[in-house]
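If you want the building blocks of each chain, they are given just below.
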Amino acid sequence: MDTISHALWGKALFGYRKHLYLPIFFGAIPDLIPFIPNLFFKLISGQFSFGRPSISSIPEWVFTLYDFSHSLITGVLIVIIFYLLGKKSLSFASLAWPFHILVDSISHSKDFFGTKIFWPISDYRFDGVSWGQPEVWFTNLILLIIIFYIRRPVPLILAWTPVLSKLFKRKK
Ligand SMILES: [Zn+2]
């Protein structure tokens, strides 16, 4: 899935307890770990261009970082480490990381950044449907809208209640 959607999923599912915004970061970080250094590398070496890069133009170390950050083993370890350190709210917020990996494993085809969910133990990749397919991306968008609607901080009618009750208060 695209990085923005991952960030929004992090907020939608895990950003409503103590850490309201950190799950946005945890949702995006598996993509940031390989692609931010790659972006700097390209800018510095003058190879920067817009659009989808060809697989052969991407350096090997980007794939290694990608495999590391897109392994369920990494994501779950982070959650467990926070938990064992007694940082339960951080542990909850960081669930956005393994969730990112689950979403990617079904929304990437095997050939373009297929997600090796058990890396480095196994190179197994589930052959998902690319998120670039409109039916996948729009389903993603609709699900996000539904969750954000359900999770909206205060139902609108309740937020307006004090105002409404003032407006309709009978004058004696
Ligand atoms: Zn990803």
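Scroll up to find the structure.
**Q** Sorry, what's going on with the overall build of the protein chain here?
**A** Each helix and strand counted, the protein chain has 8 helices and 0 strands in total. Here the C-alpha radius of gyration of the protein chain, 20 Å, is well above what a compact globule of 172 residues would show, namely 16 Å. Dimensions of the protein chain along its principal axes, counting C-alpha atoms only, are 80 × 40 × 35 Å. Out of the 172 residues in the protein chain, the part that is buried amounts to 26%. Looking at the protein chain alone, contacts between residues at least 24 apart form 55% of all its contacts between residues at least 6 apart.

**Q** When you look at the nonpolar core in this model, what are you seeing that I'm missing?
**A** Inside soluble globular proteins, nonpolar side chains tend to come together where they are buried. By size, the foremost hydrophobic cluster in this structure holds 17 residues, and its most contacted members are Trp9, Phe14, Phe26, Ala93, Leu95, Ala96 and Phe99. Residue assignment for this core shows that the elements contributing at least two residues are α1 (3-14), α2 (22-45), α5 (88-93) and α6 (96-107). Looking at this core, the element that brings in the most residues is α1, giving 5 residues. In this structure, Ala93 is in contact with Phe14, His19, Leu22, Pro23 and Phe26, ignoring residues within four places of it in sequence.

**Q** When you look at unusual backbone geometry in this model, what are you seeing that I'm missing?
**A** Negative phi is the rule for most residues except glycine; trans is the rule for most peptide bonds. Cis rather than trans, the peptide bond between Trp119 and Pro120 has omega equal to 5°. Tracing the chain through its elements places Pro120 in the loop between α6 and α7 (134-150).

**Q** Explanation requested: the environment of Ile121 in the structure shown.
**A** Within the secondary structure, Ile121 is located in the loop between α6 and α7. Separated by 48 residues in the primary sequence, Ile121 and Ile73 have C-alpha atoms spaced 9.1 Å apart.

**Q** What's the story with α2 in this structure? I'm lost.
**A** Along an α-helix, residues three or four apart share an orientation, since each turn contains 3.6 residues. In a regular helix each residue adds 1.5 Å, so 24 residues correspond to 34 Å; α2 covers 32 Å between its end C-alpha atoms and thus fits that length. Remark: the principal bend of α2, roughly 50°, maps to Ile29, with a proline, Pro30, within the next four residues. For α2, the set of buried residues is Pro23, Ile24, Phe26, Gly27, Ala28, Ile29, Pro30, Asp31 and Pro34. Immediately beyond the C-terminal end of α2, within one or two residues, lies Gly46, with a positive phi of roughly 70°.

**Q** Where do I start with α7 in this structure?
**A** Under the 1.5 Å per step criterion, the end-to-end length of α7 is 24 Å for 17 residues, consistent within 8% with the ideal 24 Å. α7 sits mainly on the outside: 0 of its 17 residues count as buried.

Procedures and definitions
- Residues numbered from 1 in each chain as written.
- Predicted model: local features only at pLDDT ≥ 70, side-chain atom pairs only at ≥ 80, totals over all residues.
- Helix = DSSP H or I, 4+ residues; strand = E, 2+ residues; numbered from the N terminus.
- Rg over C-alpha atoms; globule rule 2.2 N^0.38 Å.
- Buried ≥ 20, exposed ≤ 12 C-beta atoms within 10 Å, placed from the backbone.
- Contact = placed C-beta atoms within 7 Å.
- Core = buried A, V, L, I, M, F, W, Y, C linked by C-beta atoms within 7 Å.
- Expected span 1.5 Å × (residues − 1).
- Bend = angle between axes of the 7 residues up to and from the residue.

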